[in-house]
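# What the coordinates show
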Amino acid sequence: AVSDERPGVRNIDFNRDGTRFISTSYDKWIKCWDTEYGKVISRHCSGSQAFDGTFYPRDDNQFLAGQRNKMAVQWDMRSNRISQRYEEHLSSVNCICFIDNNRRF
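Residues numbered from 1 in each chain as written. Predicted model: local features only at pLDDT ≥ 70, side-chain atom pairs only at ≥ 80, totals over all residues. Heavy atoms only, no water.

So, on to the overall build of the chain. When helices and strands are tallied, the chain shows zero helices and eight strands. Shown N-terminal to C-terminal, the secondary structure of the chain runs as helices and strands in the order β-β-β-β-β-β-β-β. For the chain, the C-alpha radius of gyration of 13 Å lies close to 13 Å, the compact-globule estimate for 105 residues. Here the C-alpha coordinates of the chain stretch approximately 40 × 30 × 20 Å along the principal axes. Of all 105 residues assigned to the chain, the portion counted as buried reaches 40%. When contacts within the chain are restricted to residue pairs at least 6 apart in sequence, long-range pairs at least 24 apart make up 34% of them. Between the mean site of the 16 positive side-chain charges and the mean site of the 14 negative ones, the chain shows a separation of 5 Å. (Helix = DSSP H or I, 4+ residues; strand = E, 2+ residues; numbered from the N terminus. Rg over C-alpha atoms; globule rule 2.2 N^0.38 Å. Buried < 20%, exposed > 50% of the residue type's maximum accessible area, 1.4 Å probe, protein only. Contact = heavy atoms within 4.5 Å. Lys, Arg positive; Asp, Glu negative; His and termini not counted. Charge placed at Lys NZ, Arg CZ, Asp CG, Glu CD.)

Put into structure tokens, the structure is as follows:
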């Protein structure tokens, strides 16, 4: 059972084959979970609360997170680093949705 989350979970998103999911929660951590075993695979924190986390549809090792600080960030889970910051939003980024054959969000 998934029991590592303490504060409430805001969002979850499954990867393409359903073997992993990411969760965003009120403690500012984004966690990647093993679906079958309910274990945390990796943890990521930018210092701002993430409202939404979504796997990049073309690469399960990357995800985007919409954050309270008017930013969306792209994480590379292999290096545990933010690979891209999108800073031009006027308010919190509440949702990430890919469009145009997954070329844009």
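The subject of this paragraph is the pattern of salt bridges. Throughout the structure, instances matching the rule amount to five salt bridges. A salt bridge links Arg16 to Asp60; its shortest N-O distance comes to 3.4 Å. With a gap of 44 residues between them, Arg16 in the loop between strand 1 (9-14) and strand 2 (20-25) and Asp60 in strand 6 (residues 59-67) connect regions that are remote in the sequence. The residue Arg78 makes a salt bridge to Asp59 at a minimum N-O spacing of 3.4 Å. Taken together, the residues span a long stretch of sequence, with Arg78 in the loop between strand 7 (72-76) and strand 8 (81-86) and Asp59 in strand 6 at a distance of 19 residues. Its relative accessible area of 53% is what places Arg78 among the exposed residues. The buried category is assigned to Asp59, whose relative accessible area is 16%. Connected through salt bridges with shared partners, the residues Asp59, Asp76 and Arg78 form a single ionic network. (Salt bridge = Lys/Arg side-chain N within 4 Å of Asp/Glu carboxyl O.)

Just distances and angles here, no functional claims.
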